[in-house]
Amino acid sequence: MRKLWKNRPLWIAWIAIVLLIVLAALTAFYRGAAPVDGLFRNASAPVANVLHAAQSQVQAFFVRVFNPSGVMEENASLKSQVLEQQQKLALLDETEKENARLTELLNFVQANPNMQYVTASVIGRDNNPYLDTIMLNAGTRNGVSEKTAVLTADGIVGRVSEVGPNWCRVRTMCNDEMRISVMVQRTRDEGMLGGLYEEDGILVGLKLYYLPNNADIQVGDVIRTSGIGGFFPKGLYAGTVLSVNEDGKGNYDAIVSLDVDFLHLENALIAVGVDEAIK
C-alpha cells in the first residue's frame, strides 16, 4: 500500500489518461451515431454536454500537470499587466485632481485681474495641530518677497514670512498672531480678522475684532478684505460669519469661518507686486 501511495502521481496520470480515452470514445460515438429520432436527440443532449465539460476539465488538468511553468509564467504576466493598468489609473486620477485644483486657481486669477500671481506648490508643513506655517516652492527668483499675500480660491492662506531663491515660508491664518484688515460685505463695516477661536479644544474659526459699536452684523454675512494697508487687494473672500458675540463675553465681535483646508493644501497663489503689508 505504501508503495502504491508513493507512486500516486503516476496512478493519477494513468487514471486521467483512461478517463480521457473513455470520454473521447463516448463523444466520438455520440457524434458518429446515426440519429434515431428527435426524442433520442433531446434526451441525449444533456449527456453530451456533461461529457464535453468533463473532457475540458481533464485537458486542463494535463496542462497544469505537464506544463506548470507555462501557466505560472502566464499568471505572472497577467498580474504584471493588471498592476500596470492600476498604476495608470492611479496616475490618471491624480492628474485629474491636480487639473481641477489648478483650474480653480486659474478661475480665481481671471476673476481678480488687478494683481499678478505666482503659482506654487506646498513642499513642507510644520508639525503642529494647526499648520500655522507652510513652505512653498517659489522665492525671490519668481518675484516673491517678504509679507507677500498668499491665497487660494477658497480664501486667504496667509503671508510670506521668510523667502529664499526658490522657496518661501508662509505664516498662515492658523497662526494666532496673524491679523488682516477686513470688512462686512453687506454693511461695509470694517474690522480686523485673526486669532483662533476654539470650543472644547476644536478649532472653529477666526475672531473678528473692532467693528463699530452700532455695526449690524449677522450670521451668514460674508467677510472680505478691505484693502487697507495695501497687502491684500480689496474684496477678497475671507470667510463667513458663524456666530455673533451678542452677550459681550470676550473682546471679539463675531466668529468667522476658516474655509481653507490647510491639512490638504497642495497649491497656492502668491500675489506679487505689492509693496506695503498690513501690520
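This report concerns the structure included in the present document. (Residues numbered from 1 in each chain as written. Predicted model: local features only at pLDDT ≥ 70, side-chain atom pairs only at ≥ 80, totals over all residues. Heavy atoms only, no water.)

1. A short note on unusual backbone geometry
In this structure, K147 takes a positive phi of about 70° despite not being glycine. Counting through the fold element by element, K147 comes out in the loop between strand 2 (133–136) and strand 3 (149–152). For D200, which is not glycine, the phi torsion reads 55° and is therefore positive. Inspection of the secondary structure puts D200 in the loop between strand 7 (190–199) and strand 8 (202–209). (Helix = DSSP H or I, 4+ residues; strand = E, 2+ residues; numbered from the N terminus.)

2. Focus: the packing of aromatic side chains
Evaluated as defined, the whole model comprises two aromatic pairs. On the basis of an interplanar angle of 40° and a centroid distance of 5.6 Å, the ring pair of Y209 and Y210 is categorised as tilted. Under the relative-accessibility criterion, Y210 is labelled exposed at 64%. (Phe/Tyr/Trp six-rings, centres within 6.5 Å; stacked < 30°, edge-to-face > 60°. Buried < 20%, exposed > 50% of the residue type's maximum accessible area, 1.4 Å probe, protein only.)

3. Examining the side chain of T152
Relative to the helices and strands, T152 is located in strand 3. According to the relative accessible area criterion, T152 is buried, its value standing at 7%.

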